[in-house]
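This is what each chain is made of:
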Amino acid sequence: MIREFITADSFEDALRKKLDAKGQAHFLAGGTEMNRLGSSVSPEVAVSLKNLGLESISEAHGIVTIGAAVTLQALRDSVIVPAYLKEACGFCGSLTRRNMATLGGNIMLQRDDSYLMSTLVSAKARLIFADISMDGQYVEENIPIREFHAFRDHFVGSLLVSVVLNKPTRFVASQRFARTQQSPAAVTIAFGADISSGEPHDVRICAAVKGTGVIRFPEIEDGVSSGKFKDPQEIVTLLTASSDFIDDITGTAVYKRYIVGTAIASMYRACLVSIGKGGAV
Ligand SMILES: Cc1cc2nc3c(=O)[nH]c(=O)nc-3n(C[C@H](O)[C@H](O)[C@H](O)COP(=O)(O)OP(=O)(O)OC[C@H]3O[C@@H](n4cnc5c(N)ncnc54)[C@H](O)[C@@H]3O)c2cc1C
C-alpha cells in the first residue's frame, strides 16, 4: 500500500528521490497495476511521473517519438502513431483502463499477457532510459527494445523516458488470443519484418505467453529471413516439437503451442501478401 506520495520536477530529481527511498519506491504512471488488488507491484513509496513532460507524441522524418506516460487511449487517438501500435493498444478492452494505463508502465511490467511488448519488439522499437550511474552521474541511453527484453534486470531502477519507432516502412502485425476481450490472454503475438527488398528479412517474432513470459523465436526468425520455409504452415509443425508452455486457466500447453504456430504462419502469409507475393514463399 502506498504510504508516501512524492512529486519530482525533473527526470534526475525523480531518479534521485527513488534512490533515496532505498528500494521502497516505484515510479507511479497510470497506477493501473500499482493500485490493482493482488498486484505484484505494491510499493510503500510512489514517485509520481506527472509534471515530467512525458505525455507528448511527435513525428519527424517518419520517426515517431512517444513519451512513456502517454496513455493507451491517447495512442489510439493519435494521428501519427502507426496503425499496428494503435491496434495493440486495443488489446486492452477497457476504455477506462486505456485512459489511465501508460505505454511506459506496460513496457516496464513486461507481463506474460502484455498488451504491447510483442508488438514493440517486432517493430524494433528503441527505448530512451534515464538513470543514475554507479558513480552518481545522471545519464541517458538509447537502447534497442530487444536488449531491454533480454536484460530486464539491468533496468529495474531506470526511468523509461520515451519510445522511438524509427522503422516507418516495416511490416508489423499482432494477434491476441483470449476467451473474451476482457479475459487474460493465453497468447499475444507479433511478427515484424523489413520488407524493403521485396523479401522479408530482419525478422522479429515475439509472444507474451501466459505462464511462460515474453519470448522470442530465433530459429523461426532466422528461417523466415533466410527463406527456409517453403510453406508458412511448416512453422506450425516446427513449434509442435518445441517450446516450454504450461497448462493454466487460459488454455493447455498444447493449445498455446498450436495457436502460436498458426498465428506466426498467418502473419507470415499476410507479410508475403503485403509485398505482393500472394502468400507464396
Ligand atoms: C483488471 C486489470 C487487468 C489488466 N490486464 C492486463 C493485461 O492483460 N495485460 C497487460 O499488459 N497489463 C494488464 N494490466 C496492467 C496494466 O493496466 C497495464 O500493463 C498498464 O499499461 C500499466 O501502466 P500503468 O501506467 O498503469 O503502470 P503503473 O501501475 O503506474 O506502474 C506499473 C509499473 O511500471 C513502473 N513504471 C511505470 N512507468 C514507468 C516509467 N516511465 N519508467 C520506469 N518505470 C515505470 C512502475 O514503477 C510500476 O513498477 C491490467 C490491470 C488491471 C487493473
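Residues numbered from 1 in each chain as written. Predicted model: local features only at pLDDT ≥ 70, side-chain atom pairs only at ≥ 80, totals over all residues. Heavy atoms only, no water.

Undergrad: How do you make sense of the side chain of Arg98 when you look at a structure like this?
TA: Considering the arrangement of structural elements, one finds Arg98 in helix H4 (residues 95-98). Buried charged residue Arg98 carries no salt bridge. Nearest counter-charge: Asp77, at 7.4 Å. Those residues in contact with Arg98 that sit more than four places away from it in its chain are Thr71, Leu72, Gln73, Arg76, Cys89, Cys92 and Gly93. (Helix = DSSP H or I, 4+ residues; strand = E, 2+ residues; numbered from the N terminus. Buried < 20%, exposed > 50% of the residue type's maximum accessible area, 1.4 Å probe, protein only. Lys, Arg positive; Asp, Glu negative; His and termini not counted. Salt bridge = Lys/Arg side-chain N within 4 Å of Asp/Glu carboxyl O. Contact = heavy atoms within 4.5 Å.)

Undergrad: Any chance you could explain unusual backbone geometry here in plain terms?
TA: Peptide bonds are mostly trans, and most non-glycine residues show a negative phi. Positive phi, normally seen in glycine, also occurs at Asn51, with a value near 70°. Tracing the sequence through the fold places Asn51 in the loop between strand S3 (45-48) and strand S4 (57-60). Despite not being glycine, Asp202 has its phi angle at roughly 50°, a positive value. Since its relative accessible area comes to 27%, Asp202 is described here as partly exposed.

Undergrad: Looking at this structure, how should I read helix H8 (residues 218-225)?
TA: Residue pairs three or four apart in sequence face the same way in an α-helix, which turns once every 3.6 residues. Of all the positions in H8, only Ile220, Glu221, Gly223 and Val224 are classed as buried. What you see down the axis of H8 is that its buried residues fit within an arc of 165°, all on one side. Exposed residues pointing more than 90 degrees away from the buried face of H8 are listed as Pro218, Glu219 and Asp222. Once H8 finishes, Gly227 follows within two positions and takes phi at roughly 70°, a positive value. (Arc of directions from axis to C-beta.)

Undergrad: Got a minute to help me understand the packing of aromatic side chains in this structure?
TA: Given two aromatic rings, one states the distance between the centres and the angle between the planes to describe the pair. For the structure on display, the rule yields five aromatic pairs. Judged by centre distance (5.9 Å) and plane angle (20°), the ring pair of Phe191 and Tyr268 falls under stacked. With Phe191 in strand S10 (residues 185-194) and Tyr268 in helix H10 (residues 253-274), the pair connects residues that are 77 residues apart, well separated along the chain. Assigned by exposure class, Phe191 and Tyr268 land together as buried. Connected via pairs of aromatic rings, a cluster forms that spans Phe129, Phe148 and Phe155. Directly above the ring of Phe27 sits Lys18, whose terminal nitrogen or CZ lies 5.1 Å from the centroid. (Phe/Tyr/Trp six-rings, centres within 6.5 Å; stacked < 30°, edge-to-face > 60°. Lys NZ or Arg CZ within 6 Å of the ring centre and 35° of its normal.)

Undergrad: Before we go on, may I ask you to explain the pairing of S10 in this structure?
TA: Residues in a regular strand point their side chains to alternate faces of the sheet. Judged by how many residues are buried, S10 sits mostly within the fold: nine of 10 residues are covered. For strand S9 (residues 171-178) and S10, the ladder comprises eight bridges, and the chain directions are antiparallel. The residue of S10 that forms the bridge with Phe171 is Ala193. With antiparallel pairing between neighbouring strands as the criterion, S9 and S10 make up a hairpin whose turn holds six residues. Note: S10 against strand S11 (residues 201-209), seven bridges, orientation antiparallel. Bridge pairing links Asp194 to His201 in S11. (Pairing = 2+ DSSP bridges.)

Undergrad: Explanation requested: helix H1 (residues 11-20) in the structure shown.
TA: Three or more residues of H1 are buried, namely Phe11, Asp13, Ala14, Leu15 and Lys18. Buried residues in H1 make contact with strand S2 (25-28), S3, strand S6 (126-132), strand S7 (138-144) and strand S8 (159-165). Backbone geometry just after H1 places Lys22 at a positive phi near 50°.

Undergrad: Before we go on, may I ask you to explain the site of the ligand in this structure?
TA: Among the 27 residues in the neighbourhood of the ligand, the closest are listed as Phe27, Gly30, Gly31, Thr32 and Thr102. For the ligand, an oxygen atom lies 3.0 Å from a polar atom in the side chain of Asn106. In the environment of the ligand, a nitrogen atom lies 2.9 Å from a nitrogen or oxygen atom belonging to the backbone of Leu160. Here the ligand, which alone exposes 980 Å², has 88% of that area covered by the protein. When contributions to the shell around the ligand are tallied by element, the ones reaching two or more residues are S2, helix H5 (103-109) and S8. By residue number, the principal contributor to the shell around the ligand is H5, which donates five residues. (Near = heavy atom within 4 Å. Polar contact = N/O pair within 3.5 Å; in protein donor to acceptor, adjacent residues only side chain to side chain. Areas by Shrake-Rupley, 256 points an atom, 1.4 Å probe, with all protein chains shown as cover.)

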